[in-house]
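Structural overview
So you can see what is in the structure, the chains are spelled out below.
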Amino acid sequence: MTVHFPFQNSYSALPDSFFARVAPTPVAAPRLIKLNRPLAVQLGLDPDVLETPEGAEILAGKTVPAGADPIAMAYAGHQFGQFVPQLGDGRAVLLGEVIDKDGIRRDIQLKGSGPTPFSRRGDGRAALGPVLREYIVSEAMFALGIPTTRSLAAVVTGEHVIRETALPGAVLTRVASSHIRVGTFQFFAVRRDTDAIRRLADHVIARHYPELLGAERPYHALLGGVVARQADLVARWLLVGFIHGVMNTDNSSISGETIDYGPCAFMDAYNPSQVFSSIDEMGRYAYANQPRIALWNLTRLAECLLPLFSEDQEKAVAKAQDILGAFSDTFSDGYQAGLRKKIGLFTERDGDNALIQDLLDAMAKNQADFTLTFRKLGDAAGDPAADDARAQFMDPAAFDEWARRWHERTALEPQTAAERQAAMHAVNPMFIPRNHRVEAVIQAAVNDDDYTPFEEFVKVLAKPFEGQPDYAAYADPPLPEQRVLQTFCGT
Ligand code: AMP
Ligand code: MG
């Protein structure tokens, strides 16, 4: 049996300045750790064949499958606000694109597959821990219904990578609707290559925003489209307590998917200024700062597109500002509508936003667990005697006062208690990839070569809205001594 990838590559047909042709570097002894079988099927790949030794060699970059056209993509980016004119795929290779079962074009990329012309001082490799983290969290995001890149496979390479210590090396097979970033546009903008910006914009419209093909002003519409998707994305992040951690412009996808899971994490106790990344000392990428940063990144994208807007610089800037102005309302609408659903409201009334804000304020003040408070509020909607939501508050009286107002408000709607509970449980997950669990799973794999905890965790997270009583412990917040305060950058 040979592994057949039905590649139909389009990015590698763009001009040479868009990428560097480079094959993955062969590794010593690839071993498949995890194959995402349903995703393989979705991509038109045979999971049984991918699980053979030959499949593992491909997923580790040891052999290049027929039809692949491996490239490292060029991009630039603002990292923590500082512009770097050349970043690019320094440790990833795009094997090619396939059209999935839904007719959507998907990139298949190997991350950790060896050096490329963009590696700078890096070794082009990835350590096992960050590969498992990305696998777990990206697939959890998918199960939560949040646009994201996916993980097709994780392999260990049989080689060590040198970080602070020697660690097992690994390769993640990442699947994305594309790997085009804000930073991809910046790469050409800083080189004043307007033709390339136009080529890239046309490629992006055809690929991600085909509905804009007939628009009178397609490049204006493109910026508007990215603004809308990013605003929606960040609203969804906030609604599940997700902190990306490194929202640099090179980690900001044009398709509106969550991309590049480095020092990301889900909040336990609600704290709007929560930061996880060990290198984010200023709190630039703190939980509540994410909408502002998304808009900042989009403003960088708008700057790149100005030459396509108008020859008249002033007119172009005015138009860009106008389009960027939509971010705030799109974000707020998505966020507030999501919060109304989280507290079980079917309708919208004056005072709802204040009711929600008062809950969030009380949660912050009382270190209430973000996920459990909303999940258990669903139980309280079904049965007023259920008091697990109340138990999340250091001072439960703070919850009682709020809950009275909440019951008054929900009583204005005709839905039954059971209907309200079902609607709330469908949007408030029971299971998120809690950071202490992610760390424990990584430790078992890295230190003991034990992947049983990883397998079980991935399985539980695939059904985040189901009760799964056998796995109830996975819903628990960390004990004080289990709390992970920082996540180190996953390189
Ligand atoms: P990231 O922090 O993963 O978004 O990466 C930022 C930039 O650093 C990108 O250009 C990466 O390709 C590059 N990079 C990260 N880790 C490595 C590595 N181990 N070797 C080479 N380049 C890397
Ligand atoms: Mg990146």
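All of these numbers come straight from a predicted model, not from anything done at the bench. (Residues numbered from 1 in each chain as written. Chains lettered and ligands numbered in written order. Predicted model: local features only at pLDDT ≥ 70, side-chain atom pairs only at ≥ 80, totals over all residues. Heavy atoms only, no water.)

**As for the overall build of the protein**
Basically, it comes down to this: Labels follow the DSSP assignment, with helices taken as runs of H or I lasting at least four residues and strands as runs of E lasting at least two, numbered in each case from the N terminus. As a reference, a globule follows 2.2 Å times the number of residues to the power 0.38, and the radius of gyration itself is taken over C-alpha atoms. Burial status follows relative accessibility: with a 1.4 Å probe on protein chains alone, a residue under 20% of its type maximum counts as buried, one over 50% as exposed, and anything between as partly exposed. Contact criterion: two residues are considered in contact whenever any of their non-hydrogen atoms come within 4.5 Å of each other. All accessibility values rest on the Shrake-Rupley procedure with a 1.4 Å probe; residue burial counts only the protein chains present in the view.
Looking only at helices and strands, the protein has 16 helices and twelve strands in total. What you see for the protein is a C-alpha radius of gyration of 23 Å, in line with the 23 Å of a compact globule of 491 residues. Seen along its three principal axes, the alpha-carbon backbone of the protein occupies a region of about 65 × 60 × 40 Å. Split into buried and exposed, the 491 residues of the protein put 56% on the buried side. For the protein, the share of sequence-separated contacts (at least 6 apart) that also reach a separation of at least 24 residues comes to 71%. Counting every atom, the protein has about 20,100 Å² of accessible surface; 51% of that belongs to carbon and sulfur.

**Quick look at the packing of helix 4 (residues 128–143) against helix 15 (residues 435–448)**
Rules: To obtain an axis, a line is fitted to C-alpha atoms, over the contacting stretch when the element is a helix, and the angle between two such axes runs from 0 to 180 degrees between their N-to-C directions. Throughout this description, any angle smaller than 35 degrees is read as roughly parallel, any larger than 145 degrees as roughly antiparallel, any in the 65 to 115 degree range as roughly perpendicular, and the remainder as oblique. What makes a crossing left-handed is the near helix being turned counterclockwise from the far one by less than a right angle; a clockwise turn instead makes it right-handed.
Closest axis-to-axis distance for the helix 4/helix 15 pair is 10 Å, and the angle between their directions is 135 degrees. Here helix 4 lies oblique to helix 15, going by the angle between them. Judged by the sense of rotation from one axis to the other, the crossing of helix 4 with helix 15 is right-handed. Along its contact with helix 4, which presents Leu 128, Gly 129, Leu 132, Arg 133 and Ile 136, the element helix 15 presents Asn 435, Val 438, Glu 439, Val 441, Ile 442, Ala 445 and Val 446.

**Things to note about the site of ligand 1**
The criterion, for reference: Only a single heavy atom is needed: when it lies within 4 Å of a molecule or strand, its residue is near that molecule or strand. Counting of polar contacts relies on pairs of N or O atoms within 3.5 Å, with two restrictions inside protein: one atom must be capable of donating a hydrogen and the other of accepting it, and residues adjacent in sequence are counted only when both atoms are side-chain atoms. Each residue gets one of three labels, nonpolar for Ala, Val, Leu, Ile, Met, Phe, Trp, Tyr, Cys and Pro, charged for Asp, Glu, Lys and Arg, and polar for the others, Gly among them. Where each domain starts and ends comes from a domain assignment, either automatic or drawn from a database.
Taken together, 18 residues sit near ligand 1, with Gly 88, Gly 90, Asp 123, Gly 124 and Asp 260 positioned nearest. At 3.0 Å, a side-chain N or O of Asp 123 approaches a nitrogen atom of ligand 1. For the shell around ligand 1, the class distribution of residues is two nonpolar, eight polar and eight charged. Inspection of the shell around ligand 1 shows a minimum of three residues originating in each of domain 1 (11–179) and domain 2 (183–336).

**Overview of the UniProt feature "binding site: Mg(2+)" (unreviewed entry) in the protein**
Rule in force here: UniProt positions are given in the numbering used here, feature names are shortened, and annotations may be inferred rather than shown by experiment. The distinction between a cavity and a pocket rests on a 1 Å grid over the protein atoms alone: a 1.4 Å probe fits inside a cavity but cannot get out, while a pocket stays open yet meets protein on both sides within 12 Å along at least five of seven lines, and a residue with an atom within 4 Å of a point counts as lining.
UniProt's entry tags Asn 251 and Asp 260 with the feature "binding site: Mg(2+)" (unreviewed entry), counted in the numbering of this structure. The subset of the named residues that lines the largest cavity consists of Asn 251. Residue contacts for Asn 251: discarding those within four places in its chain leaves Arg 181, His 244, Val 246, Ile 259 and Asp 260. One polar contact links the side chain of Asn 251 to the main-chain carbonyl oxygen of Val 246, over a distance of 3.0 Å. One can find Asp 260 in the loop between strand 11 (242–243) and strand 12 (265–266). Judged by relative accessible area, which is 15%, Asp 260 ranks as buried. Excluding its chain neighbours within four sequence positions, the residues that come into contact with Asp 260 are Lys 111, Arg 174, Arg 181, His 244 and Asn 251. Within the structure, Asp 260 has its side chain in polar contact with the side chain of Lys 111 (distance 3.4 Å).

**Observations concerning the UniProt feature "active site" (unreviewed entry) in the protein**
Within this numbering scheme, the UniProt entry marks Asp 250 as carrying the feature "active site" (unreviewed entry). In this fold, Asp 250 is placed in the loop between strand 11 and strand 12. Apart from the residues within four sequence positions on either side, Asp 250 is in contact with Tyr 75, Ala 76, Gly 77, His 78, Gln 79, Leu 87, Arg 181 and Gly 183.

**Concerning the packing of aromatic side chains**
Here is the rule we go by: Pairing of aromatic side chains requires ring centres within 6.5 Å, counting the rings of Phe and Tyr and the six-membered ring of Trp. Pairs whose planes differ by under 30 degrees are stacked, by over 60 edge-to-face, and all others tilted. Charge-over-ring contacts are defined here by two conditions on Lys NZ or Arg CZ: a distance within 6 Å of the ring centre and an angle within 35 degrees of the ring normal.
For the coordinates displayed, the defined rule picks out 19 aromatic pairs. Relative to Phe 242, the ring of Trp 237 lies with its centre 5.4 Å away and its plane at 65 degrees, an arrangement referred to as edge-to-face. Accessibility classification places Trp 237 together with Phe 242 in one group, the buried group. Relative to Tyr 287, the ring of Tyr 270 has its centre 6.1 Å away and its plane inclined at 90 degrees; by these criteria the two rings are edge-to-face. With a gap of 17 residues between them, Tyr 270 in the loop between strand 12 and helix 8 (290–309) and Tyr 287 in the loop between strand 12 and helix 8 connect regions that are remote in the sequence. Assigned by exposure class, Tyr 270 and Tyr 287 land together as buried. Linked through ring pairs, Tyr 11, Phe 18, Phe 187 and Phe 188 together constitute an aromatic cluster. Across the ring face of Trp 296, the terminal group of Arg 284 is positioned such that the distance to the ring centre comes to 4.7 Å. Sitting over the face of the ring of Trp 296, Arg 300 holds its NZ or CZ atom 4.4 Å from the ring centroid.

**Side note on the coordination of the magnesium ion (ligand 2)**
Heads up, the condition is: Coordination shells were defined by N, O and S atoms within 2.8 Å of each metal, extended to 3.2 Å for Na, K and Ca; water is absent from the atom set, which can make sites look incomplete.
Taken together, the protein ligands of the magnesium ion (ligand 2) are Asn 251 (OD1) and Asp 260 (OD), with distances of 1.8 to 2.1 Å. Comparing Asn 251 with Asp 260 shows no difference in burial state: the two are buried.

**A few points about the pairing of strand 6 (residues 92–99)**
Spelled out, the test is: We call two strands paired when DSSP finds no fewer than two bridges between them.
For strand 6, the tally of buried residues reaches seven of eight residues, placing the bulk of the element in the interior. The pairing of strand 6 with strand 7 (residues 105–111) spans seven bridges and is antiparallel. Bridge pairing links Val 93 to Leu 110 in strand 7. Hairpin connection, strand 6 to strand 7: the antiparallel pair is bridged by five residues, and Gly 103 has positive phi, about 80 degrees.

**Here's the deal with empty space enclosed by the protein**
Test applied: Grid points are joined across faces, edges and corners, and a volume is the space filled by probe spheres set on the points.
Following the criterion strictly, the structure yields two cavities of 30 Å³ or more and no others. For the largest cavity, the calculated volume is near 60 Å³. Gln 230, Trp 237, Met 247, Asn 251 and Ser 252 are the residues nearest the centre of the largest cavity, which is lined by 13 residues in total. Those elements that place two or more of their residues in the lining of the largest cavity are helix 7 (218–240) and helix 8. Ranked by residue count, the leading element in the lining of the largest cavity is helix 7, at three residues.

**So, the pattern of salt bridges**
Think of it this way: side chains of opposite charge can pair up when their charged atoms draw near. Cut-off, in case you're wondering: Put simply, a salt bridge is a Lys or Arg side-chain nitrogen that is within 4 Å of an Asp or Glu carboxyl oxygen.
Applying the stated criterion across every chain, the model contains 32 salt bridges. A salt bridge links Asp 123 to Arg 163; the shortest N-O distance between them is 2.7 Å. Placement of Asp 123 in the loop between strand 7 and strand 8 (126–127) and of Arg 163 in the loop between strand 9 (150–162) and strand 10 (166–176) is noted, with a sequence separation of 40 residues between them. Of the residues examined, Asp 123 reaches a relative accessible area of 33% and is grouped as partly exposed. Since its relative accessible area comes to 26%, Arg 163 is described here as partly exposed. Here the salt bridges share partners, and the residues they tie into one network are Glu 97, Arg 105, Asp 107 and Arg 207.

**Brief notes about the nonpolar core**
Put simply, the rule reads: The criterion is simple. A nonpolar core is a set of buried Ala, Val, Leu, Ile, Met, Phe, Trp, Tyr and Cys residues joined through side-chain atoms within 4.5 Å.
Within the largest apolar cluster, 97 residues are counted, with the highest numbers of intra-cluster contacts made by Tyr 11, Phe 185, Ile 343 and Leu 377. Per-element tally for this core: the top contributor is helix 7, with 13 residues. Lining this core are residues from two domains, each supplying at least three of them: domain 1 (11–179) and domain 2 (183–336). Ignoring sequence-local partners within four residues, the contact set of Tyr 11 consists of Phe 18, Phe 19, Ile 71, Met 73, Leu 94, Glu 97, Ile 180, Thr 184, Leu 200, His 203 and Arg 207.

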